[in-house]
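Each chain, written out:
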Amino acid sequence: MHKTLSQYLVEQQRQGFLLSEDLKALIEGIARSCKSIAHVVAKGALGGVLGNQGTDNVQGEAQKKMDVISNNILLQANEWTGHLAGMASEEMDTIYKIPNSYPKGKYLLLFDPLDGSSNIDVNVSIGTIFSILKAPEDSLNRELTEADFLQAGSQQVAAGYALYGPQTLLMLTIGHGVVCFTLDKDVGTWLLTQENIQIPTETKEFAINMSNSRHWDTPVQNYIHDCLAGTTGPRGKDFNMRWVASMVAEVHRILQRGGIFLYPWDKRDPNKAGKLRLMYEANPMSFLIEQAGGASVDTVNRILDIQPSQLHQRVSVILGSKNEVETVKQYFV
Ligand SMILES: O=P(O)(O)OC[C@H]1O[C@](O)(COP(=O)(O)O)[C@@H](O)[C@@H]1O
Ligand SMILES: [Mg+2]
Ligand SMILES: [Mg+2]
């Protein structure tokens, strides 16, 4: 018999893994929101949810209808529960403070409501990424500010993602390893299907958007060049390549069978630190990857140690199998 998400969380509490009632209920609430999003995603053209919304988000990216729908589902499902002080999302200009008419809680929820937007209309895997922080103690008796969210990824108390693919999955860490739940759509329940997920330390598979290669920095060019050289090159082995263009799908593959994922800084827009967002993508994914025995860096620095200075901050990301990340780091020193 598979355990349900609630049974798993109660068990974690009993084992003393510092899981408050509020945090437990918050995670269950996020999982319920992801179930709703999965339902809408699956309707596709029948639900009239494909295509563009006709608006841009704060980062100047065209929003898909599903970006906006998913964002609203997460806001509406979690604002009234009393577990949160505020929320922040890739799709909102600034933070969302819990309205005064609702009870205020002690956690902050940050999310990428729909990751892999370019894949929505072509029926390729997409997901929802989330990160939970504690609101600073002193913020509970005053107006919440953006600065309250600017905490290093190492401060996360939980993180995870839902993956809307051939199966609907929920990957979760509360700081004690990584577990995976599969949505049983017949009964609408998340059931525990994998525990103690461990990323193999070695790999022969990389994921990078090769079309950007002429814009890469020299260390990235050198690293990929050596991978492509295969058995006759300095790495002495043949590599395979994958690029789904949904970070959730790439990270999921790496959590299952190892690999390395790179979305590095490049010269297309030299003032941008990278494409991916630190608070909504890089931090939660880095927490999961480290909890599964992998590594995650910008170039040489651990992503979870970065002190954010802006809510929508971007970052260069290199994550995956530990020894391969270590190898890439050597190209930067
Ligand atoms: O289209 P590109 O440049 O290959 O970028 C793909 C990357 O962009 C992202 O889609 C960004 O996520 P959003 O869809 O949430 O904007 C990542 O999931 C993915 O790794
Ligand atoms: Mg994303
Ligand atoms: Mg997104």
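Predicted model, so just to flag it, every value in this text is computed and none were measured. Residue indices follow the written sequence of each chain, beginning from 1 at its first position. Here every chain gets a letter starting at A, and every ligand a number starting at 1, in the order they are written. Where local features are concerned, this predicted model is filtered to residues with pLDDT of at least 70; where side-chain atom pairs are given and counted, the filter is 80 or more; whole-chain, interface and lining totals use all residues.

Participant: Sorry if this is basic, but what is going on with the sheet that holds strand S15 (residues 295–297) here?
Facilitator: Strand-to-strand pairing in sheets goes through backbone hydrogen bonds, with the strands running parallel or antiparallel. Pairing between strands requires that DSSP locate at least two bridges from one strand to the other. Helix and strand assignments follow DSSP, with helices taken as H or I runs no shorter than four residues and strands as E runs no shorter than two, numbered in order from the N terminus. Spatially, 5 strands are ordered S12-S11-S13-S17-S15 in an open sheet, and the strand pairing comes out mixed. Here the strands that pair on one side only, and so sit at the sheet edges, are strand S12 (240–241) and S15. Here strand S11 (residues 205–207) runs beside strand S13 (residues 260–263); their pairing, made up of 2 bridges, is parallel. Directly across from phenylalanine 206, in S13, lies its bridge partner isoleucine 260. Sheet strands touched by helix H6 (residues 278–291): S15 and strand S17 (317–320). Its angle to S17, the strand with the most contacts, is close to 25 degrees. Here the contact rule is simple: place C-beta atoms from the backbone, and any two residues whose C-beta atoms are within 7 Å are in contact. Lines fitted to C-alpha atoms define the axes, with helix axes restricted to the stretch in contact, and inter-axis angles between N-to-C directions lie between 0 and 180 degrees.

Participant: What is the right way to look at the site of ligand 1 in this model?
Facilitator: Ligand 1 sits among Glu90, Asp112, Asp115, Gly116, Ser117, Ser118, Asn209, Ala245, Ser246, Met247, Tyr263 and Lys275. Broken down by class, the residue content of the shell around ligand 1 amounts to 3 nonpolar, 5 polar and 4 charged. Mapped onto the domain boundaries, the shell around ligand 1 takes at least three residues apiece from domain 1 (5–194) and domain 2 (205–332). Defining nearness, a residue is near a molecule or strand when the C-beta atom obtained from its backbone falls within 6 Å of it. Polarity classes work like this: nonpolar for Ala, Val, Leu, Ile, Met, Phe, Trp, Tyr, Cys and Pro, charged for Asp, Glu, Lys and Arg, and polar for all others, with Gly in that last group. Reported domain spans reflect what an automatic or database domain assignment gives.

Participant: Help me out: how do you make sense of the UniProt feature "binding site: Mg(2+) 2" (unreviewed entry) in the protein chain in this one?
Facilitator: UniProt positions are given in the numbering used here, feature names are shortened, and annotations may be inferred rather than shown by experiment. The feature "binding site: Mg(2+) 2" (unreviewed entry), as given by UniProt, occupies Asp112, Asp115 and Glu281 in the numbering adopted here. On the basis of their most widely separated C-alpha atoms, the annotated residues across 170 residues gather in one place, lying no more than 8.5 Å apart. Relative to the helices and strands, aspartate 112 resides in strand S5 (residues 107–115). Whether a residue is buried, exposed or partly exposed is read from the other C-beta atoms within 10 Å of its own C-beta, which are placed from the backbone; 20 or more gives buried, 12 or fewer gives exposed, and intermediate counts give partly exposed. When the 28 C-beta atoms within 10 Å are taken as the criterion, aspartate 112 is described as buried. Beyond its immediate chain neighbours, meaning those up to four positions away, aspartate 112 contacts Glu90, Thr128, Ile129, Arg277, Tyr280 and Glu281. Inspection of the secondary structure puts glutamate 281 in helix H6. Contact partners of glutamate 281, with chain neighbours within four places excluded, come to Asp112, Asp115, Ile129, Met247 and Leu276.

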